[in-house]
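Below are the chains, spelled out letter by letter.
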Amino acid sequence: MKFKPANKIQDLQYFGEFGGVNPSISDSTTYTFLSAKTMFDTFEGHGEGCYLYSRHTSPSNLYLGEALAAMEGTETANVSATGMGAITPTILHFCGAGDHIVSSRTIYGGTYAFLKNFAPRFNVETSFVDITKLDAVEKAITPKTKILYCESVSNPLLEVADLAELSKIAKKHDIKLIVDNTFSPLSISPAELGADVVIHSLTKFVNGSSDTMGGVVCGTQELIDSLRDVNDGAAMLLGPALDSLRAASILKNMRTLHIRMKQHSKNALYLAQKFEELGLKTVYPGLPSHPSHDLFKSMMNKEYGFGGMLTIDVGSLEKANELMEMMQHENLGYLAVSLGFYKTLFSAPGTSTSSEIPEEEQKEMGLSDGLIRFSIGLDNDIERTFRLMRRCMNRIDILNKENKYQELV
Ligand SMILES: *Cc1c(COP(=O)(O)O)cnc(C)c1O
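Sequence order as written defines residue numbering, which begins from 1 separately in each chain. Given that the model is predicted, a residue must reach a pLDDT of at least 70 before its local features are reported, and side-chain atom pairs must reach 80 or more before they are shown or counted; all residues, however, enter totals for whole chains, interfaces and linings. Heavy atoms throughout the structure, all of them, feed into the side-chain values; hydrogens and water do not.

Accessible area lost upon the coming together of the parts is a frequently used measure of interface size. Partitioning the protein chain into domains gives domain 1 (5-254) and domain 2 (257-403). The C-alpha centroid of domain 2 is placed 28 Å from the C-alpha centroid of domain 1. A contact between two residues is defined here by any heavy atoms of the two lying within 4.5 Å. Facing 37 residues of domain 1, the contacting portion of domain 2 comprises 40 residues. Summing both partners gives a buried area of about 3,200 Å² for domain 1 against domain 2, and 65% of it is carried by carbon and sulfur. Here lysine 116 and glutamate 361 are joined by a salt bridge, their closest N and O atoms 3.3 Å apart. Polar contact is defined as a pair of N or O atoms within 3.5 Å, subject to the rule that within protein one atom must be able to donate a hydrogen and the other to accept it, and that residues adjacent in sequence are counted only when both atoms are side-chain atoms. At the boundary of domain 1 and domain 2, one finds 12 residue pairs in polar contact (both at pLDDT 80 or more). A run of H or I in DSSP becomes a helix once it reaches four residues, and a run of E becomes a strand once it reaches two; helices and strands are each numbered from the N terminus. When contributions to the side of domain 1 that touches domain 2 are tallied by element, the ones reaching two or more residues are helix H1 (5-10), helix H5 (109-118) and helix H10 (244-254). The element contributing the most residues to the side of domain 1 that touches domain 2 is H5, with 5 residues. For the domain bounds, the source is a domain assignment made automatically or taken from a database. Once two parts are brought into contact, the accessible area they lose, counted with a 1.4 Å probe and summed over both, makes up the buried area. Think of a salt bridge as a Lys or Arg side-chain nitrogen and an Asp or Glu carboxyl oxygen that are within 4 Å of each other.

Here's what the structure looks like:
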């Protein structure tokens, strides 16, 4: 039977200290010991079942990590305070001075800025490639390359990475394939397709209520142990520890992730089809017009759909801003960055989340001024949402004659 990530979360069983149905939250930063010897062993990472200090680990963080590892099908996981707090230590774990990274050029703006502007301070250089061109990816690998970095579905252009083929390339050159799966939780299981490390910003779909930051690195026990090593572990020494109260709240939200993802995907597919019918340039992996539609289909866990993210291009930044302000005024969503909320969120990536990428490079990768990125919400009546959105589009005159006419009848 095919791997079902949501079932794996469902099958976990935790009880609270007093038999509660939720695990108890550890509301302490430090832990007492009956024997001094156990304290030393715990510090060195050998104190079985003991906790020392909450930057190292805490019961709540371990529970959340276990649930995420179950979802991604990896041995274990380490949670962190933010997505960037998962990404940067992982990159620095694998790369030291003189090393090289091959990365997709369409990635989260913060990750791009880190690789492009920050990592070179440590003499770690990155070659940015079009991740959909496998020969270009392989060509960029040098004897100094340590990691191949990409997002399963990229931000904001929704390019899809062929994870199985990328994994073959990585194995052939003995480098690690690190995949940020923030845009496609449950829909795509990168580790099943050969990724060595899977990362999420929990701030987005996984938590889903836009109230809490969080991140996770899912991988082998060996990787997670060394990230947490007190002597030289990047996740330990850079200090991006997640607070226990927040870990507990993310764990509770994660239990409904499968239901939410199905609704995000259903609504996004409906709107993408309708937007395309209106003649708008629409990008959504669930549309046959998407260049990687078949690839996504071949990788996906079908029941969760093609995800909640889509983009349209309305021609200019002015029109994009006008439309977004109007949609917010009509309460169809919020003009805000981030994703995975119950409300639809929209923003123009060129001037917000991808503004770290120089204009010229934005052009080259197809990130145009009029692009609007949507994170489609959990609307119960998406047909109504569409009708109201179409009315906004009509008012600001971005639909062609034929569709305008349709609106008037
Ligand atoms: C938001 C995001 C991140 C960064 O996560 P934070 O929780 O904001 O630190 C990384 N990758 C992707 C794809 C994201 O959308």
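After that view, the rundown keeps rolling.
Looking now at the packing of helix H13 (residues 317-329) against helix H15 (residues 382-395). What counts as an axis is a line fitted to C-alpha atoms, over the stretch in contact for a helix, and the angles between N-to-C directions run from 0 to 180 degrees. It is at 10 Å that the axes of H13 and H15 come closest, and there the two elements cross at 140°. For the element pair H13 / H15, the angle class is oblique. Of the two elements, H13 crosses H15, and the hand of that crossing is right-handed. Across from Leu323, Met326 and Met327 in H13, the residues of H15 making contact are Met389, Cys392, Met393 and Arg395. A class-by-class count of the residues in the contact of H13 with H15 yields 6 nonpolar, no polar and 1 charged. Reported orientations rely on four angle classes, namely roughly parallel under 35 degrees, roughly antiparallel over 145, roughly perpendicular from 65 to 115, and oblique for the rest. Note on convention: near helix rotated counterclockwise from far helix by under a right angle means a left-handed crossing. Clockwise means right-handed. Side-chain classes follow a simple rule in which Ala, Val, Leu, Ile, Met, Phe, Trp, Tyr, Cys and Pro form the nonpolar group, Asp, Glu, Lys and Arg form the charged group, and the remainder, Gly included, forms the polar group.

Another aspect to go through is the nonpolar core. The nonpolar core is taken to be a set of buried Ala, Val, Leu, Ile, Met, Phe, Trp, Tyr and Cys residues, with the residues joined through side-chain atoms within 4.5 Å. Categorising residues by exposure relies on relative accessible area from a 1.4 Å probe, with only protein chains included: less than 20% of the type maximum marks a residue as buried, more than 50% marks it as exposed, and the intermediate range marks it as partly exposed. Core analysis: the largest hydrophobic core is formed by 84 residues, its most contacted members being Leu64, Leu68, Leu310, Ile312 and Leu323. Structurally, this core is a two-domain feature, drawing no fewer than three residues from each of domain 1 (5-254) and domain 2 (257-403). Once you skip the residues sitting within four places of it in the chain, leucine 64 turns out to touch Val79, Leu202, Leu242, Ala247, Ile250, Leu251 and Met254. Residues Ala86, Cys95, Ile101 and Tyr112 belong to the second largest nonpolar core, which totals 28 residues.

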